[in-house]
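Report on the structure
The primary structure of each chain is shown beneath.
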Amino acid sequence: MRTLALIACTFVGAATASGLPAQEASGGQPNVVNYVRYEHQGRVSYGVLQGERIREIDGDLLGTHSDTDRWVALDSVKLLQVTPARKIIAVGLNYQSHLGQRESATYPGLFAKYPTSLVGSGADIVRPPDSKNLHYEGEMVLVIGKTCHQVTRVLAMACVFGITAGNDVSERDWQANDLQWFRAKASDTFGPVGPTIATGLDPDDVQVETRVNGEVRQHARTSNLIFDVPTIVSYVSRYVTLEPGDLIFTGTPGSTKAMNPGDVVEVEVEGVGVLRNKVVQGG
Ligand code: MG
């Protein structure tokens with residue numbers, strides 16, 4: 001099974017108009033591989049993105065699988081959430097720029113999102129009818145590649161297959177007033193992830209940027225995470241067994257604002273591509 005290579009990257013190709021990384025066009029980082037999960041002619045598959053084409057993979061990318069010689073055009077598929085995760089764990093307050101004057105905790109603050117909150121790039125974020133204060137949170141998201149339980153910090157990276165981009169959609173009024181963050185963080189469509197899973201990047205030093213209708217709202221590097229990736233994975237695995245396909249949102253930088261119906265929100269993680277979702281009003 002492939003594990004995430006811990007290499008320092010000095011160049012990663014920029015995203016194209018489609019929101020996907022331009023590996024071939026840029027002649028970019030040869031160690032980075034971008035995987036997509038998609039639906040084509042009624043069938044769900046994983047594939048390797050190469051330019052505007054996808055080379056299909058038979059089987060489960062995070063389990064038993066094999067390469068094929070079958071190709072499909074990127075514009076002929078519907079991109080899906082990057083994994084059918086069973087667990088989605090999120091770290092709160094993990095950038096000082098988001099904490100502001102507040103002091104950092106001595107251990108990562110965790111919460112959960114639900115599998116039914118996940119959607120892919122291109123899908124709508126549906127604002128519930130009684131939501132008045134729905135915010136974006138652009139984040140790097142870890143994709144777990146193998147089962148791990150109580151893994152040490154030193155061995156934690158062997159559990160991580162790759163990274164993707166995520167929007168930890170958050171209803172701030174509910175988050176402030178509800179007993180639990182059940183609906184504030186985990187309502188349907190509150191977990192966009194994608195557009196690709198990238199391997200071969202250093203997850204502790206990639207750029208994360210959030211744009212709303214093209215305007216930059218958040219911009220940071222994951223080197224500014226308070227709790228770094230090995231620490232997060234090791235800490236989470238103390239309490240829950242991580243399994244292939246599980247996702248860990250690593251926290252959002254800076255400040256956030258409310259999104260309104262019609263807004264197009266983009267989260268770009270360096271080397272992953274652009275996660276693009278439109279906000280619509282739910283009925
Ligand atoms: Mg968050």
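On a predicted model such as this, the values are computed, not experimentally measured, just so you know.

1. A look at the coordination of the magnesium ion
Six octahedral donors around a metal ideally subtend angles of 90 or 180 degrees, whereas four tetrahedral donors ideally subtend 109.5 degrees. Coordination of the magnesium ion by the protein comes from Glu 137 (OE), Glu 139 (OE) and Asp 168 (OD), over a distance range of 2.0 to 2.1 Å. Sequence spacing among the residues donating to the magnesium ion works out to E-x1-E-x28-D. Taken together, the residues Glu 139 in strand 11 (residues 138–144) and Asp 168 in the loop between strand 12 (160–167) and strand 13 (170–171) connect sequence positions 29 residues apart.

2. Quick word on the nonpolar core
Within the largest apolar cluster, 32 residues are counted, with the highest numbers of intra-cluster contacts made by Met 140, Ile 163, Val 233, Leu 242 and Ile 248. The set of elements that each furnish at least two residues to this core consists of strand 6 (88–92), strand 11, strand 12, helix 5 (229–239) and strand 18 (264–269). Non-local contacts of Val 233, meaning those with residues more than four positions away in its chain, are made with Leu 142, Val 151, Ala 156, Cys 159, Val 160, Leu 242 and Ile 248. Of all hydrophobic cores here, the second largest spans 20 residues; its members include Tyr 35, Val 143, Phe 161 and Phe 249.

3. Considerations on the environment of Ser 76
Tracing the sequence through the fold places Ser 76 in the loop between strand 4 (65–73) and strand 5 (78–79). Taking the C-alpha atoms as reference, Ser 76 lies 18 Å from Arg 276; in sequence the two are 200 residues apart. Within the local environment of Ser 76, its side chain forms a polar contact with the backbone oxygen of Ala 73, the two atoms lying 2.7 Å apart.

4. Thoughts on the pairing of strand 15 (residues 207–212)
The element strand 15 is largely enclosed, with a buried count of five among its six residues. Summarising the sheet, strand 15 and strand 16 (residues 215–221) pair through six bridges and their orientation is antiparallel. Residue pairing in the sheet places Gln 207 in a bridge with Arg 221 of strand 16. Taking the residues between adjacent antiparallel strands as the criterion, strand 15 and strand 16 are bridged by two residues, where Asn 213 takes a positive phi near 50°. Of the pairings in the sheet, the one linking strand 15 to strand 18 comprises five bridges and is antiparallel in character. Across the sheet, Glu 209 pairs through a bridge with Glu 268, a residue of strand 18.

Calculation rules
- Residues numbered from 1 in each chain as written.
- Predicted model: local features only at pLDDT ≥ 70, side-chain atom pairs only at ≥ 80, totals over all residues.
- Heavy atoms only, no water.
- Donors = N, O, S within 2.8 Å, 3.2 Å for Na, K, Ca; no water.
- Helix = DSSP H or I, 4+ residues; strand = E, 2+ residues; numbered from the N terminus.
- Core = buried A, V, L, I, M, F, W, Y, C linked by side-chain atoms within 4.5 Å.
- Buried < 20%, exposed > 50% of the residue type's maximum accessible area, 1.4 Å probe, protein only.
- Contact = heavy atoms within 4.5 Å.
- Polar contact = N/O pair within 3.5 Å; in protein donor to acceptor, adjacent residues only side chain to side chain.
- Pairing = 2+ DSSP bridges.

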